[in-house]
Amino acid sequence: DNNAGSGLSIKETSDSDKLNTGVFANDYVGSNEDSVSKLNAFDSAIRNGVGNNVDIAFMKFCFVDFPTNLSFSTYQTKIAALKKDYPNVKFLHVTTPISEATSADDNDSRDKWNIALRAAYPDEVFDLADYESKNSNGNQCLATANDGKKHPCLNAAWAENDGGHINQAGADMLAKKLVNFLSTK
């Protein structure tokens, strides 16, 4: 368990027997650079017991998963089937992380996905990409991508300087925003 004493138990698991009240579970699903494998692994985890033991479920792709081999309509179909089969689970969505300005080439495909996600699920999206693109003053990082247009990029204030991962300050900021988001659901 992480954060002992916080009242929130964070576990790295997909074992449905470990999903008690007050548990925030995390599991790495699928393979990086293969978003289809991630969606299929998420679906499998839900169907293999997790869906019977959670109130809320969501998954997040990695910035390296884009450009993707997954169509947005396939994602929607898979999520719709999960919602139908698990009506007591609130399925939420997370925008795909974006990379730093120095490696923003594929941020166009990430931004396209994120725009579609926000439009399809307006009240069910944790907008990680928007949060990580803005510093604490609200100034947004924009950089030119493969399509020749400017798209949001990981703000230097939150960047680990490795192309796309967040630093500790970014992790802390996103954790607070995620807890706030989940408290409204």
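For the structure itself, look to the data block above.
Note that the structure is predicted; figures quoted are calculated from it, not measured.

Caption draft 1: Layout of the overall build of the chain. Across its full length, the chain carries five helices and eight strands. Taken from the N to the C terminus, the helices and strands of the chain come in the order β-β-α-β-α-β-β-α-β-α-β-β-α. Taken over the C-alpha trace, the chain has a radius of gyration of 16 Å; the compact-globule value for 185 residues is 16 Å, and the two agree within 12%. For the chain, the C-alpha atoms occupy an extent of roughly 45 × 40 × 30 Å along the three principal directions. Taking all 185 residues of the chain together, 42% fall into the buried category. Restricting the contact set of the chain to residue pairs at least 6 apart, pairs at least 24 apart contribute 60%.

Caption draft 2: Broad picture of the pattern of salt bridges. For the coordinates displayed, the defined rule picks out six salt bridges. Between D43 and R47 there is a salt bridge; the shortest N-O distance is 3.0 Å. With D43 and R47 both in helix 1 (residues 35-47), this residue pair falls four residues apart, about one helical turn. Among the salt bridges present, the one from K134 reaches D130, with a minimum N-O distance of 3.1 Å. For D130, a relative accessible area of 23% gives the class partly exposed. Three or more residues joined by partner-sharing salt bridges are found here, namely D43, R47 and D85.

Caption draft 3: Structural detail: the side chain of N107. Looking at where N107 falls in the secondary structure, it is placed in helix 3 (residues 107-120). Residue N107 is classed as buried on the basis of its relative accessible area, which comes to 0%.

Caption draft 4: The arrangement of helix 2 (residues 72-85) in detail. Helix length check: helix 2 (14 residues) gives 20 Å between terminal C-alpha atoms against 20 Å at 1.5 Å per residue, within 8%. Those residues of helix 2 that sit buried are F72, Y75, I79 and L82. The buried side chains of helix 2 occupy one side of the element, clustering within an arc of 90 degrees when seen end-on. Exposed side of helix 2, more than 90 degrees from the buried face: T77 and K84 are the residues found there. Packed against the buried residues of helix 2 are helix 1, strand 4 (90-91), strand 5 (93-94) and helix 3.

The rules we used
- Residues numbered from 1 in each chain as written.
- Predicted model: local features only at pLDDT ≥ 70, side-chain atom pairs only at ≥ 80, totals over all residues.
- Heavy atoms only, no water.
- Helix = DSSP H or I, 4+ residues; strand = E, 2+ residues; numbered from the N terminus.
- Rg over C-alpha atoms; globule rule 2.2 N^0.38 Å.
- Buried < 20%, exposed > 50% of the residue type's maximum accessible area, 1.4 Å probe, protein only.
- Contact = heavy atoms within 4.5 Å.
- Salt bridge = Lys/Arg side-chain N within 4 Å of Asp/Glu carboxyl O.
- Expected span 1.5 Å × (residues − 1).
- Arc of directions from axis to C-beta.

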